[in-house]
Amino acid sequence: MTRPSIDWRHSLAAHGLAAHDLSRHAGTQITGLDLSQPIDEALIPTLRAACAERVVLLFRDQHDLTPRAYLAFANRFGGRPDLHSQRQYCLGEHPEIFVVGNVEENGRRIGASRVGLNWHTDHYHLPEPGLFTFLHALVVPPEAGETRYANGLAAYDALPAAAKAELDGIQVRHSRAKLFKALFPEATAEAQAAEQAKMPDVIHPLVRRHPELARDGLYLGGEWGSEIEAEPGLFDRLLDHMTDGEFVYQHHWRAGDVLMSDNRCSLHRASEWDETTELRRLHRIILIDDQRPQ
Ligand SMILES: O=C(O)CCC(=O)C(=O)O
Ligand SMILES: [Fe+2]
């Protein structure tokens, strides 16, 4: 589905909202919006268009956002919320919300701490992968634990024409089995076998067309589960090109931050923090796309 392009900066201003770009190619902070309150229907396509173009939107100081209101906000962008197989890391009342971080309750780990520690885009291992992802920071370390976002559209644009031509038609294999092992080393052998049986490998094009922007971008998948079988070495070269700095925004978290990101032509990566002394807790919602990458 191609949507009409929207002058989202103009539309935000007309709603009395300020937009401030956080780096050249990724990240825009939007101020003036309280996500716990009902949001004007007309703003949804505006935010969607802004997120598609800027990869990631930041809403600060969302301290009053309950899980219920957070989910209601996310659900307004379409797709279907992911229900993660590792249900012990999801909120009991709202299993669509996955807890990222090193938090315990009653002596039990209730969050997954490693999931973001590699360059990836969410749920690339599904035939219809991640559309938008939302992260709400509840507790964050004062330093470290940043998350970086890389714009695969800008990275693709910057390639010379000859390099673009060489990428044409190349496919990437994405393996949930490999990824699951890296993300959840604590999972039992049975859980790993069940995950593999449930989700066979998928193949997606390396260059995909962003359906809302009608532009081509790199779709690498992730460091821990993807490979370009036809040309070993190409994956790492493109990953370096896309993540080396120019196309990246690095986010320093504050409690209350909400980030909304578009998974379709981007990558992101969390950073390590001292898990022995500092807590980090983010609530994640992934909306799954209703179309395959093309
Ligand atoms: O921990 C983060 O900052 C990002 C987490 C992440 O990428 C994920 O849960 O998919
Ligand atoms: Fe992620």
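Placed above this text is the structure.
Right, let's walk through the structure included here. (Residues numbered from 1 in each chain as written. Chains lettered and ligands numbered in written order. Predicted model: local features only at pLDDT ≥ 70, side-chain atom pairs only at ≥ 80, totals over all residues.)

### Some thoughts on the sheet that holds strand S11 (residues 202–205)
Short version of the rule: Pairing between strands is defined by DSSP: at least two bridges between them are needed. Per the convention used, a helix needs a DSSP run of H or I reaching at least four residues, while a strand needs a run of E reaching at least two, with both numbered from the N terminus.
Across the sheet, which stays open at both edges, the 3 strands sit in the order S11-S10-S14 with antiparallel pairing between neighbours. The open sheet has two free edges, formed respectively by S11 and strand S14 (226–227), since each of these has just one partner strand. For strand S10 (residues 171–174) and S14, the ladder comprises 2 bridges, and the chain directions are antiparallel. Note that in S14 the partner of His174 across the bridge is Ser226.

### Looking at the pairing of strand S13 (residues 215–218)
Taken together, the 4 bridges between strand S12 (residues 207–210) and S13 define a ladder with antiparallel strand orientation. Looking at the pairing, Arg208 lines up with Gly217 of S13. Hairpin remark: S12 followed by S13, antiparallel, with 4 residues in the connecting loop; positive phi at Ala214, about 50°.

### Section: the sheet that holds strand S9 (residues 147–151)
As a reminder of what qualifies: In this analysis an axis means a line fitted to C-alpha atoms, helices contributing only their contacting stretch, and an angle means the value between N-to-C directions, from 0 to 180 degrees.
Strands sit in the order S15-S9-S17 across an open sheet of 3 strands; the sheet is antiparallel. What marks the edges here is a single partner per strand, and that holds for strand S15 (248–251) and strand S17 (266–270). Neighbour to neighbour, the strand axes of the sheet diverge by 15° on average, direction disregarded. In the sheet, S9 pairs with S17 via 5 bridges, with the strands oriented antiparallel. Within the sheet, the bridge partner assigned to Ala150 lies in S17 and is Leu267.

### With respect to the nonpolar core
Just so we agree on the cut-off: Each nonpolar core comprises buried Ala, Val, Leu, Ile, Met, Phe, Trp, Tyr and Cys residues, the members being joined through C-beta atoms within 7 Å. With C-beta atoms placed from the backbone, a residue is buried if 20 or more other C-beta atoms are within 10 Å of its own, exposed if 12 or fewer are, and partly exposed between those counts. Note that contacts rest on C-beta atoms placed from the backbone: two residues are in contact if these are within 7 Å.
Residues Ala26, Val56, Leu57, Ala150, Leu218 and Met260 are the most contacted members of the largest nonpolar core, which totals 66 residues. Excluding residues within four positions of it along the chain, Ala26 makes contact with Arg54, Val55, Val56, Tyr149, Ala150, Asn151, Phe247, Val248 and Tyr249.

### As for helix H8 (residues 234–243)
The line we're drawing: Each direction from the helix axis to a C-beta atom contributes to the arc, which is the arc of those directions.
If you check which residues of H8 are buried, you get Leu238, Met242 and Thr243. In an axial view of H8, the angular spread of the buried residues amounts to 115°, which keeps them on one side of the axis. Exposed positions of H8 whose direction lies more than 90 degrees from the buried face are Asp236, Arg237 and Asp240. Looking at the buried residues of H8, the elements they touch are S9, helix H4 (152–157), S13, S15 and S17.

### Quick word on the environment of Asn151
Looking at the element boundaries, Asn151 is found in strand S9. C-beta crowding within 10 Å serves as the criterion here: with 29 such atoms nearby, Asn151 is assigned to the buried category. Considered as a pair, Asn151 and Ile97 are 54 residues apart in the sequence and their alpha carbons are 25 Å apart. Aside from chain neighbours lying at most four places away, what touches Asn151 is His25, Ala26, Val55, Phe247 and Ser266.

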